[in-house]
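# Working through the structure, step by step
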Amino acid sequence: MNYIRLQIKALWLKVSIWVGSLSILTILIAFMIGELYSNPFERMNMRMAMDSPAMVAMAGPIPPGDFTEAALFMVVTVLFLGLAYGLFNILIANQVVKHEENEGLTELLIASGIGRKALFVNHVMVGILINIPFFIITILGLTLVNVNGSEFIDHVVFISAITLFGLLFYALTMAIGAFVTTSDMTFGIALSVLIGMYLYRAITDVVDISYSVVSPYHWLSRLDAYGGNNIEWLIPFSILIIFFAIAYFVTLKRDVGDGIIHPKVTHRSRNISSYPKLLFTQSRMLIIAWFVALIVTGLSYGSVLEDIEEIMANNFIMNAAVQAGQIDNPVLFFISMISIITAIISMFPGLMIMGKLLKEERLRLEWMSAGVDIKRINPTRIIITHIIFAIVASIAAHALYAISLYSMTLLVEDFPTEPIDYVYALISEGSVIVLMIGLVTLFYGISYKMFKLIWPVIAFLFIISYVGTILQFPDWLLNVSPFHHLGHIFVDGPMWNVIVILYATALILMIIGVMLYRRRDIQNG
Amino acid sequence: MPILEIKEVTKNYGDFTAVEDVSMAIEPGEVYGFIGPNGAGKSTTIRMIIGAIGITKGQIFVDDMDVSKDKKYLSKISYVPGDVSLWPNLTGMEVINFLMAARGYKDTKRRDELIETFRLDPHKKSKTYSKGNRQKVALISAFCSDAELYIFDEPTSGLDPLMEHTFHEEVKRLKQEGKSVLLSSHILSEVEKLADRISIIKDGKIVESGRFSELSHITRMKYIIESNEDISPIKQLDYVHNVEEEGKQLHLLVDNESIPDFLNELKTYKITHLETEPAKLEDIFLRFYEASR
Ligand SMILES: Nc1ncnc2c1ncn2[C@@H]1O[C@H](COP(=O)(O)OP(=O)(O)OP(=O)(O)O)[C@@H](O)[C@H]1O
Ligand SMILES: [Mg+2]
């Protein structure tokens, strides 16, 4: 049991931050919806707006019953909450099971007398323990908020499903970790399943919902919490027992620190003669994965364009967001919205490449940069290499999304966009992408530890962009988001002055960040 | 002109002083031992030399270049830390080649020789390497570079005795080539074997430095004595330490400055066996460890 205590000590901060922000956000959204959508007419508008393919692709199908405030709350949150909560579970599972194994801790524990079976039981226990706080806090919070159309039992059903969804991904990560050697690869595969299932469901929900049944996200939707409460849709989550079983048997069979799938042994040495080449070998997989994700995103949104137009053409009731934006072309409005969301997604490859600086600094920078020809390698060059890679990867990812979306528009007759619009969108949203890379450079330049501040900033940017208008956030809050100043690019066209200011700010942040970085001590070990 | 000159250097972390007023100089062709207990400030000093951390007070010169002014000096040094991390998905060979390229060296013959002497399998991915093998990769890269000053921070902590020996041979070779070496360690026999001069650091301060011969005033002599009489009163003497009985023999350490007194004392007994051993670094250390208790 000492081991569990050790784990709790190592995890409590991370778990508190995740659980704290996710439960508060969930409760806050419930509260805001209760405040803003008490008028049934507004809710009906909202329902119609959400019943469009683009919105279904994003947020899932509309529940069949009464569209109460509670039902609206459920639709707005369910899939994104699942996604975020799943990510939380993947991160923790990967750290507990795989990262520790890679760092040699598992071997140490086994050497000190903890049996492998006991260790496995402990890992499962940790998985269950980390899911309890969210379950309790969120149910309590939602009960207090008491949105119209909800009862205590509804909250229990809804949050049980989200918690099970998280635990499912915890179990899945453990199962993947049993097969794969490194924690990075375990994380990569688990994350692809989490995102892949979301995107798969986005397409099938629109095209033919019966195919969606494979995706755990669909189980969340079908549960119809706050409506039918079809708790039989909790049953499929029992598949997590199978994942735990797989993890159990495979882990017992193989050596500690090993995997079933082995990296290839090559006798050919690649010629890695410069830092950019080195960074390329280190980030290639990550970049490709995000490129694929954004192409798929572009294609999946593209595949529903035809229907948007059709539905929008017959539907004169604009959704709340459209009203708030005072926009008369909903199709272009939606493309603009999606473009912002994917711009945020496109930031990830860049930020993750910047994140590689952390490991590099902690483990190797000091050693690598002592005793070299400083014209070839020095800390400044290294950080600049990362910045350039980050910008290129993120912009390219966003461009790939735009290209795949545009190619889908060609299938739609008279679709009201031109290639140049996408170029403008790329330039316009590229400024925010570059700005965030500049911001993270500044954070990192100030201190090693400040780097991770970028993640709440991105989460915040996402929330403002995704639900800011729907939840009618106050103007000052919306104004914090740079996207807000860029307008709806496909409707308003590029705001050149804002764009120039954003790029210039990004550049200044980068320069200050690099200068601070040069002056500060290297963090080691 | 010394290749490395450290002048009254201090490093503070907030209120905590990790290194205080440290000075030393290493001449070309010299192997310099840098020893001290855990947390004494060895790595901190080295990290200031290689420019990884700033200097709070004082100056460091490498080959007459102020390290906080211009980073050009970095091409004159070669550094191996005690715990080496490599890029997990690169093979040992790829890492060595990368570092050679970063230094602008092309001597693949020397590289292959070193891989041979250190018995490294260079075609495995780094993530499969043990601590010792990762260390070897760093050592090979360092030894096949053409630096003036080699800095090793506890370089043999992961090596087996055979490889330790190989390392010692390579250090001697550097010395013969007129290169300078700064060797931080708490493996004392290693420093004793290799170093011309040493500095002992404790709690951030240099407590002693010089040649081994010059340090004799702080060392202790080891005596092994045997007698048919009762010699146990000797154990009580102030300057006698670490007494151990082995059969009839008494093993003990005597403060160097008290040796005449000790010999006088011995005269009062009938000694059947007397053996002495030269000062060992261990003995120097013991004294300083004891002082800290
Ligand atoms: N970044 C830091 N912040 C605060 N204190 C530090 C930092 N780095 C080192 N120290 C402290 O400075 C002191 C000297 O540490 P240093 O690593 O130089 O010791 P060392 O002589 O190399 O020890 P060892 O033999 O264990 O390697 C220690 O007390 C350590 O805790
Ligand atoms: Mg050290």
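- The name an unreviewed UniProt entry assigns to chain B is ABC-2 type transport system ATP-binding protein, from the organism Aliicoccus persicus.
- Per UniProt, the comment on chain B under Sequence similarities (unreviewed entry) is "Belongs to the ABC transporter superfamily."

- Within an unreviewed UniProt entry, the label attached to chain A reads ABC-2 type transport system permease protein, and the organism entered is Aliicoccus persicus.

## Concerning the overall build of chain A
- Looking only at helices and strands, one finds 21 helices and zero strands in chain A.
- For chain A, whose C-alpha radius of gyration is 24 Å, the value lies close to the compact-globule estimate of 24 Å for 525 residues.
- When its C-alpha atoms are laid out on the principal axes, chain A stretches across 70 × 55 × 40 Å.
- When the 525 residues of chain A are sorted by exposure, 54% land in the buried category.

## Side note on the overall build of chain B
- When helices and strands are counted, chain B shows eight helices and 14 strands.
- For chain B, the spread of C-alpha atoms along the principal axes amounts to about 70 × 45 × 35 Å.
- Here chain B holds 293 residues, and 53% of them are scored as buried.
- Considering only residue pairs separated by 6 or more positions, chain B has 69% of its internal contacts joining residues 24 or more positions apart.
- Surface accessibility of chain B: about 12,900 Å² in total, with carbon and sulfur atoms responsible for 47%.
- Here chain B carries 39 positive and 49 negative side-chain charges, and the mean point of each set is 6 Å from the other.

## Overview of the sheet that holds strand S5 (residues 65-66) of chain B
Residue and element names in this part refer to chain B.
- The sheet built from four strands is open, its strands ordered S2-S1-S4-S5 with antiparallel pairing. The outermost strands of the open sheet, each flanked by one partner alone, are strand S2 (16-26) and S5.
- Strands in contact with helix H1 (residues 42-49) are strand S1 (4-13), S2 and strand S4 (57-62); relative to S1, the strand with the most contacts, it is inclined by about 115 degrees.

## Digging into the domain arrangement of chain A
All names here are of chain A.
- The assigned domain composition of chain A is domain 1 (1-34 + 75-263) and domain 2 (273-525).
- The straight-line distance from the C-alpha centre of domain 1 to that of domain 2 is 27 Å.
- Counting from both sides, the interface comprises ten residues of domain 1 and, opposite them, 13 residues of domain 2.
- Between domain 1 and domain 2, a total of about 1,100 Å² is buried, with carbon and sulfur atoms accounting for 83% of that surface.
- Together, Met 32, Phe 80 and Leu 199 form the three largest contributors to the area buried by domain 1 at its contact with domain 2, with a combined 36%.
- Across the contact surface, domain 1 and domain 2 share zero salt bridges.
- Where domain 1 packs against domain 2, one counts zero residue pairs in polar contact (both at pLDDT 80 or more).
- Of all the secondary structure elements, the ones that give two or more residues to the side of domain 1 that touches domain 2 are helix H1 (2-36), helix H4 (69-102) and helix H8 (183-207).
- Taken together, the residues of the side of domain 1 that touches domain 2 sort by class into nine nonpolar, no polar and one charged.

## A short note on a nonpolar patch on the surface
Residue and element names in this part refer to chain A.
- A cluster of nonpolar side chains, Ile 8, Trp 12, Leu 13, Ile 17, Ile 128, Leu 129, Ile 132, Ile 136, Ile 137 and Leu 140, forms an exposed patch at the surface whose accessible area comes to about 930 Å².
- Listing elements by their share of the nonpolar patch, those giving two or more residues are H1 and helix H6 (116-145).
- At six residues, H6 tops the list of elements feeding residues into the nonpolar patch.
- Residue position: Ile 8 is located in helix H1.

## Examining the interface of chain A and chain B
- With 34 residues of chain A at the interface, the matching set in chain B holds 37 residues.
- Interface area for chain A against chain B, summed over the two sides, is near 3,000 Å², with a carbon-plus-sulfur share of 58%.
- Along the contact surface separating chain A from chain B lie three salt bridges.
- As a salt-bridge pair, Arg 270 of chain A and Glu 94 of chain B come within 2.9 Å of each other at their nearest N and O atoms.
- Connecting chain A to chain B are eleven residue pairs in polar contact (both at pLDDT 80 or more).
- At the level of secondary structure, the elements contributing two or more residues to the side of chain A that touches chain B comprise helix H11 (275-302) and helix H14 (330-369) of chain A.
- Of the residues forming the side of chain A that touches chain B, the biggest block, seven residues, is contributed by H14 of chain A.
- Across the side of chain A that touches chain B, the residue classes tally to 13 nonpolar, twelve polar and nine charged.

## Remarks on the packing of H14 of chain A against helix H15 (residues 379-409) of chain A
All names here are of chain A.
- Packing of H14 against H15 brings their axes to within 8 Å, and their N-to-C directions diverge by 155 degrees. With respect to H15, the element H14 is oriented roughly antiparallel. H15 is crossed by H14, and the crossing has right-handed handedness.
- Tallied by class, residues from the contact of H14 with H15 come to 20 nonpolar, eight polar and one charged.

## Observations concerning unusual backbone geometry
All names here are of chain B.
- Phi is positive for Glu 8, close to 45 degrees, though the residue is something other than glycine.
- In this fold, Glu 8 is placed in strand S1.
- Even without being glycine, Asp 64 reaches a positive phi, approximately 70 degrees.
- Here Asp 64 is to be found in the loop between S4 and S5.
- What makes Asp 64 exposed here is its relative accessible area of 52%.

Thresholds, definitions, all that
Throughout, residues of each chain are indexed from 1 in the direction in which the sequence is written. Lettering for chains starts from A, numbering for ligands starts from 1, and both go in the order in which the items are written. With pLDDT at 70 or above as the cut-off, local features in this predicted model cover only qualifying residues; side-chain atom pairs require 80 or more to be listed or tallied, and sums for whole chains, interfaces and linings still use all residues. The basis for every side-chain value is the complete set of heavy atoms in the structure, and neither hydrogens nor water enter the calculation. UniProt positions are given in the numbering used here, feature names are shortened, and annotations may be inferred rather than shown by experiment. Helix and strand definitions follow DSSP, with helices as H or I runs of at least four residues and strands as E runs of at least two, each counted in order from the N terminus. Throughout, the radius of gyration refers to the C-alpha atoms, and the reference size of a globule is 2.2 Å times the residue count to the power 0.38. Only protein chains enter the accessibility calculation, which uses a 1.4 Å probe. A residue is then buried if its area is under 20% of the maximum for its type, exposed if over 50%, and partly exposed in between. We call two residues in contact whenever any of their non-hydrogen atoms come within 4.5 Å of each other. Per-residue and other accessible areas were derived by the Shrake-Rupley procedure at a 1.4 Å probe size, with only the shown protein chains allowed to occlude residues. For the charge count, each Lys or Arg is scored as positive and each Asp or Glu as negative, with His and the chain ends excluded. Charged groups are reduced to one reference atom each: NZ for lysine, CZ for arginine, CG for aspartic acid, CD for glutamic acid. We treat two strands as partners when DSSP finds at least two bridges between them. Structural elements are reduced to axes, namely lines fitted to C-alpha atoms, with helices fitted over the stretch in contact, and the angle between N-to-C directions of any two is expressed from 0 to 180 degrees. The source of the domain bounds is an automatic or database domain assignment. Defined here as a combined quantity, buried area equals the accessible surface (1.4 Å probe) lost by two parts on assembly, summed across both. Salt bridge, as applied in this entry: a Lys or Arg side-chain nitrogen positioned within 4 Å of an Asp or Glu carboxyl oxygen. Under the rule applied, a polar contact is a pair of N or O atoms within 3.5 Å (in protein, one hydrogen donor and one hydrogen acceptor; residues adjacent in sequence only if both atoms are side-chain atoms). Residues were grouped as follows: Ala, Val, Leu, Ile, Met, Phe, Trp, Tyr, Cys and Pro as nonpolar; Asp, Glu, Lys and Arg as charged; and all remaining residues, including Gly, as polar. What makes a patch is a set of residues exposed beyond 30% relative accessible area and free of salt bridges, joined within 9 Å when like-charged and within 5 Å when nonpolar (Val, Leu, Ile, Met, Phe, Trp, Tyr). Here roughly perpendicular refers to angles of 65 to 115 degrees, roughly parallel to angles under 35, roughly antiparallel to angles over 145, and oblique to all remaining angles. Rotating anticlockwise by less than a right angle from the far helix to the near helix defines a left-handed crossing, while the corresponding clockwise rotation defines a right-handed one.

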